[in-house]
Amino acid sequence: MTHLIHAYGVDYLVIAIYFAAVLGIGLIARRQASSSIGFFLSGRSLPAWVTGLAFISANLGAVEIMGHSANGAEYGLPTLHYFWVGAVPAMLFLGVVMMPFYYGSKVRSVPEFMRMRFGTGAHLVNALSFALAQVLIAGVNLFLLGSIVHALLGWPLWVALVVASVIVLAYITFGGLSAAIYNEVLQFFVIVASLLPLTLIGLHRVGGWSGLKEKITEAAAAAPPDAHVASASEQLHSWPGQALSGFNSPVLSVIGIVFGLGFVLSFGYWTTNFVEVQRAMASESMTAARKTPIIGAFPKMFVPFITVLPGMLAAVLVTEIADVKNGEHVAGGASGTGVQFNDSLLYLMRDLLPNGLLGLAITGLLAAFMAGMAANISALNTVFTIDLWQTYVVKDKPDAYYVKAGRMCTVVATIGPSSRRLSPASSPISWTTCKHCSASSTHRSSPPSSSVCSGSE
């Protein structure tokens, strides 16, 4: 059994430099985490540009990177609605309308604001549900990270889990929210630097935007009817987005996207999710707090070009993804149970990137998953310590006690998801090396595409 990508020393060097930088930031930020307000809210001392970039980086986790590239491969441009309709308006509303309430009330968390506004009943329900959700989401980020590293580099799953969890645990335990935020700023630039070359090389390979449109049109026309592939028009235009919404009526599709995604879901998420709001609460002033989500909205508008667009490129450049889109079952994939749209980025990296850039791309994926996990855990330790432990269990202790409690919560929250034992058979990766092209792939019984291999099975 071989793995998907053959990494060399230069690739591992890039990954090692990133890990060293992450741990170094955690150690440097340790000085700001001596008090509870410093550990949980960075002393409310960070400038708007830092919290703004951290705000968007905290959202660049597993769902953002892998999920939206998968949607891009399957649906095309309608995936943009998750950003331009389902995120940016609500982010602006948070900055203009909601942050004066949150920051002005001097609360340390969104559940604490619920207690001040609606009483202990709403507070307890909100804090408990939020804490449980963050444990589950952190576990998802960690497991996906381990699975992808296992598929890409061949590391045993438990090694990938331990390495990622130890690094995240170290810098959050040392530096608290400050370490998480400064690392999220670093991770933002690493993610962009890793995914942008993938997009540019892919566009060059297909002949630019016009070439991509032509290939998507050809693929959609040649797709078998039982595959239910969206038409080229639907994939290359964001509206009315019927393939994404599932409505047959264009009018109902637009109404569903605008009001369902753009109002109900997005406003509920962006204005109350403490993982995001915590970054704005760490700002140095009311003005900086209001600017945080507004600053974050600018890069958010351009994230689709390094997530959705690579997915669309994978659907026409990667044989395995194109076959999956046509309804075929292809062996392999990061899960080992078959190639899925979620594997689009991984296969595109395999086919397009040379060593060096490949190491940077892998580092970008690591940064994305670690940013998502760290954001969830830093928000969790705040809610658990302040809203549950201090409010209902152990009251009126010295400030240092709650800092220790927060660090202990970080340890438990990190070890919990990573301690799940996974047998080697739970995620088999059955890549085979083609004797004709020496590329790790999943060639089937029929001869592979000439774009992948010039020989026969």
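Refer to the structure presented above.
Criteria and cut-off values
- Sequence order sets the numbering: in each chain, residues are counted from 1 along the sequence as written.
- Side-chain atom pairs in this predicted model are given and counted only at pLDDT of 80 or more, local residue features only at pLDDT of at least 70, and totals for whole chains, interfaces and linings cover all residues.
- Computation of side-chain values covers all heavy atoms of the structure but excludes hydrogens and water.
- Secondary structure counts use DSSP, requiring at least four H or I residues in a row for a helix and at least two E residues in a row for a strand, with both numbered from the N terminus.
- Working definition: with a 1.4 Å probe on protein chains only, accessible area under 20% of the residue-type maximum means buried, over 50% means exposed, and in between means partly exposed.
- Residue exposure ignores everything except the shown protein chains as possible cover, and the areas themselves are Shrake-Rupley values with a 1.4 Å probe.
- Definition used in this section: a nonpolar core is a set of buried Ala, Val, Leu, Ile, Met, Phe, Trp, Tyr and Cys residues joined via side-chain atoms within 4.5 Å.
- In what follows, a contact means two residues having at least one pair of non-hydrogen atoms within 4.5 Å.
- Within 6.5 Å between ring centres, the rings of Phe, Tyr and Trp (the latter by its six-membered ring) count as paired, and their orientation is classed by plane angle as stacked under 30 degrees, edge-to-face over 60, tilted in between.
- Here a polar contact is recorded for every N or O atom pair within 3.5 Å, except that within protein the pair must consist of a potential hydrogen donor and a potential acceptor, and residues adjacent in sequence are included only if both atoms are side-chain atoms.
- A residue's bend is the angle separating two fitted axes: one through the seven residues that end there, the other through the seven that start there.
- Every case where a carboxyl oxygen of Asp or Glu lies within 4 Å of a side-chain nitrogen of Lys or Arg is listed as a salt bridge.
- Like charges within 9 Å and nonpolar side chains (Val, Leu, Ile, Met, Phe, Trp, Tyr) within 5 Å are joined into patches, using only residues over 30% in relative accessible area that form no salt bridge.
- A fitted line through C-alpha atoms serves as each axis, taken over the contacting stretch for helices, and the angle formed by two N-to-C directions is quoted from 0 to 180°.
- Just so you know how the angles are binned, under 35 degrees is roughly parallel, over 145 roughly antiparallel, 65 to 115 roughly perpendicular, and the rest oblique.
- It is the rotation of the near helix from the far one that decides the hand of a crossing: anticlockwise by less than a right angle makes it left-handed, clockwise makes it right-handed.
- Put simply, Ala, Val, Leu, Ile, Met, Phe, Trp, Tyr, Cys and Pro go in the nonpolar bin, Asp, Glu, Lys and Arg in the charged bin, and everything else, Gly too, in the polar bin.

**Student:** Can you help me understand the overall build of the protein chain in this one?
**Tutor:** Helices and strands together make up the secondary structure of the protein chain, namely 20 helices and two strands. Scored against the burial criterion, the 457 residues of the protein chain give a buried share of 54%. Only carbon and sulfur atoms are counted for the fraction: they give 67% of the accessible area of the protein chain, which is about 18600 Å².

**Student:** Sorry, what's going on with unusual backbone geometry here?
**Tutor:** Working note: non-glycine residues mostly have negative phi, and peptide bonds are mostly trans. Between Trp-239 and the following residue, Pro-240, the backbone shows a cis peptide bond with an omega angle of 0 degrees. Mapped onto the elements, Pro-240 comes out in the loop between helix H11 (232-236) and helix H12 (242-245). Not every positive phi belongs to a glycine, and Asp-396 is a case in point at roughly 60 degrees. By the secondary structure assignment, Asp-396 is in the loop between helix H19 (357-393) and helix H20 (399-418). Residue Asp-396 is classed as exposed on the basis of its relative accessible area, which comes to 78%.

**Student:** Just checking my understanding: could you explain the nonpolar core for this structure?
**Tutor:** Across soluble globular proteins, nonpolar side chains show a tendency to be buried alongside one another. Within the largest apolar cluster, 120 residues are counted, with the highest numbers of intra-cluster contacts made by Ile-65, Tyr-102, Leu-152, Tyr-171, Met-349 and Leu-365. Sort the elements by how many residues they give to this core and helix H9 (residues 157-206) lands first, with 19 residues. What Met-349 contacts, discounting residues up to four positions off in sequence, is Ile-5, Leu-152, Leu-198, Leu-358, Ala-361, Ile-362 and Leu-365.

**Student:** Looking at this structure, I do not really get the packing of aromatic side chains. What am I missing?
**Tutor:** Pairs of aromatic rings are described using the distance from one ring centre to the other and the angle between the two planes. One pass over the full model with this rule turns up twelve aromatic pairs. Seen from their ring centres, Phe-130 and Phe-274 are 6.1 Å apart, and the 65 degrees between their planes marks the pair as edge-to-face. Within this pair, whereas Phe-130 is found in helix H8 (residues 120-153), its partner Phe-274 is found in helix H14 (residues 274-281), the two being separated by 144 residues in sequence. Pair check on accessibility: Phe-130 and Phe-274 agree, each one buried.

**Student:** Mind showing me how you'd approach the environment of Thr-272 here?
**Tutor:** Of note, Thr-272 is situated in the loop between helix H13 (250-270) and H14. Sequence separation between Thr-272 and Val-110 is 162 residues, and the spatial gap between their C-alpha atoms is 6.8 Å. If near-sequence neighbours (up to four positions away) are discounted, Thr-272 is found in contact with Tyr-102, Val-110 and Phe-267. A distance of 2.5 Å separates a polar atom in the side chain of Thr-272 from the backbone oxygen of Gly-268.

**Student:** What exactly am I supposed to notice about H13 here?
**Tutor:** In H13, a bend of some 30 degrees at Gly-260 exceeds every other bend along the element. Taken together, the buried positions of H13 are occupied by Ser-253, Ile-257, Leu-261, Gly-262, Ser-266, Phe-267 and Trp-270. If you follow the buried residues of H13, they end up packed against helix H3 (48-57), helix H5 (81-84), helix H6 (88-104), H12, H14 and helix H15 (286-302).

**Student:** So what exactly am I meant to see when it comes to the pattern of salt bridges here?
**Tutor:** Once the charged atoms of two side chains with opposite charge are near each other, the side chains can pair. Within this structure, the stated rule accounts for six salt bridges. Arg-279 is the salt-bridge partner of Glu-184, the closest N and O atoms lying 2.7 Å from each other. Of this pair, Glu-184 sits in helix H9 while Arg-279 sits in helix H14, and the two are 95 residues apart along the sequence. Side by side, Glu-184 and Arg-279 carry an identical accessibility label, which is buried. Within the structure, one salt-bridge network assembled from shared partners comprises Arg-108, Glu-112 and Arg-115.

**Student:** Which parts of the structure should I look at to understand a nonpolar patch on the surface?
**Tutor:** A grouping of Trp-239, Phe-247, Val-251, Leu-252, Val-254, Ile-255, Val-258, Phe-259, Phe-263, Val-264 and Leu-265 is seen on the molecular surface, where their side chains present a nonpolar patch of about 1000 Å² in accessible area. Tracing the sequence through the fold places Val-251 in helix H13. Residue Val-251 is classed as exposed on the basis of its relative accessible area, which comes to 55%.

**Student:** Explain the packing of H6 against H15 here, please?
**Tutor:** In a pair of packed helices, the angle between the axes and the distance between the axes together describe the arrangement. One way to put it is that H6 packs onto H15 with a least axis distance of 8 Å and a crossing angle of 165 degrees. In this view, H6 runs roughly antiparallel relative to H15, as classed from their interaxial angle. With respect to the hand of their crossing, H6 and H15 are arranged in right-handed fashion. Touching Val-88, Met-91, Leu-92, Leu-94, Gly-95, Val-96, Met-99, Pro-100, Tyr-103 and Gly-104 of H6 are Met-286, Ala-289, Arg-290, Pro-293, Ile-294, Gly-296, Ala-297, Lys-300 and Met-301, all from H15. Here the residues of the contact of H6 with H15 sort into 14 nonpolar, three polar and two charged.

**Student:** Explain the side chain of Ser-57 here, please?
**Tutor:** Mapped onto the secondary structure, Ser-57 falls in helix H3. By relative accessible area, Ser-57 is classed as buried at 0%. Residues in contact with Ser-57, not counting those within four places in the same chain, are Glu-184, Gln-187, Phe-188 and Ala-371.

**Student:** Even after reading the chapter, I still don't get the packing of H6 against H13, so can you show me in this structure?
**Tutor:** At their nearest, the axes of H6 and H13 sit 9 Å apart, and the two run at 45 degrees to each other. Between H6 and H13, the crossing angle belongs to the class labelled oblique. Two packed elements cross with a definite hand, and for H6 against H13 that hand is right-handed. For the pair formed by H6 and H13, the contact residues are Pro-89, Ala-90, Met-91, Phe-93 and Leu-94 on the first element and Ser-266, Phe-267 and Trp-270 on the second. Residue composition of the contact of H6 with H13, by class: seven nonpolar, one polar and no charged.

**Student:** Can you help me understand the side chain of Ser-36 in this one?
**Tutor:** Considering the arrangement of structural elements, one finds Ser-36 in helix H2 (residues 36-41). Take Ser-36: its relative accessible area is 16%, and that puts it in the buried class. Engagement of the side chain of Ser-36 in a polar contact is seen with the side chain of Asp-399, the distance being 2.4 Å. Setting aside its immediate chain neighbours within four residues, Ser-36 contacts Leu-41, Asp-399 and Val-403.

**Student:** Quick question: what am I supposed to make of H3 here?
**Tutor:** Residues three or four positions apart in an α-helix share a direction because the helix packs 3.6 residues into each turn. Within H3, nine of the ten residues are buried, leaving the element largely enclosed by the surrounding structure. Every buried residue belonging to H3 is among Ala-48, Val-50, Thr-51, Gly-52, Leu-53, Ala-54, Phe-55, Ile-56 and Ser-57, and all of these are buried.

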